[in-house]
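Each chain, letter by letter, is given below.
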Amino acid sequence: MPWTRERLDAELAALELRLRDIEHEADRHDVLSRFAQSANPILEAAAADDYAHALDRVQGMLAARGWVLEDDGVAG
């Protein structure tokens, strides 16, 4: 059963805090894969109507911290 928007937003807020921890704990080349391990279950739990909202939030978190996806990999 998909999560409510309220639960989704709470999980996304917690994910944003975890991103900071991941950046400090992981090698820079492992940050995105470690982040994805936490983000993917949240995205999968989003209702169809909330998926775009959740994905925008996740991408915004990464962009705010200077992480960009490039055609040939990841740049930080």
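Residues numbered from 1 in each chain as written. Predicted model: local features only at pLDDT ≥ 70, side-chain atom pairs only at ≥ 80, totals over all residues. Heavy atoms only, no water.

### A look at helix α3 (residues 51-64)
Point 1. Taking 1.5 Å per residue as the helical rise, α3 with its 14 residues ought to reach 20 Å, and the 20 Å between its terminal C-alpha atoms agrees with that figure.
Point 2. Along α3, the residues that are buried comprise A54, V58, M61 and L62. In a view along the axis of α3, the buried residues occupy a sector of 95 degrees, so they form one face of it. Looking at α3, the residues exposed on the side facing more than 90 degrees away from the buried face are D56, A63 and A64.
Point 3. On its buried face, α3 sits against α1 (5-25) and α2 (31-45).
Point 4. At the exit of α3 stands G66, carrying a positive phi of roughly 85 degrees. (Helix = DSSP H or I, 4+ residues; strand = E, 2+ residues; numbered from the N terminus. Expected span 1.5 Å × (residues − 1). Buried < 20%, exposed > 50% of the residue type's maximum accessible area, 1.4 Å probe, protein only. Arc of directions from axis to C-beta. Contact = heavy atoms within 4.5 Å.)

### What to know about the packing of α1 against α2
Point 1. Viewed as axis vectors pointing N to C, α1 and α2 meet at an angle of 165 degrees, and their least axial separation amounts to 10 Å. In terms of orientation, α1 and α2 fall into the roughly antiparallel class. Crossing geometry of α1 relative to α2 is assigned as right-handed. Note on element contacts: α2 touches α1 through V31, R34, F35, S38, A39 and I42, opposite L8, E11, L12, L15, R18, L19, I22, E23 and E25. (Axes fitted to C-alpha atoms, helices over the stretch in contact; angles between N-to-C directions. Parallel < 35°, antiparallel > 145°, perpendicular 65-115°, else oblique. Left-handed = near helix turned anticlockwise from the far one by under 90°.)

### So, α2
Point 1. Helix length check: α2 (15 residues) gives 22 Å between terminal C-alpha atoms against 21 Å at 1.5 Å per residue, within 8%.
Point 2. Listed in full, the buried residues belonging to α2 are V31, L32, F35, A39, I42, L43 and A45.

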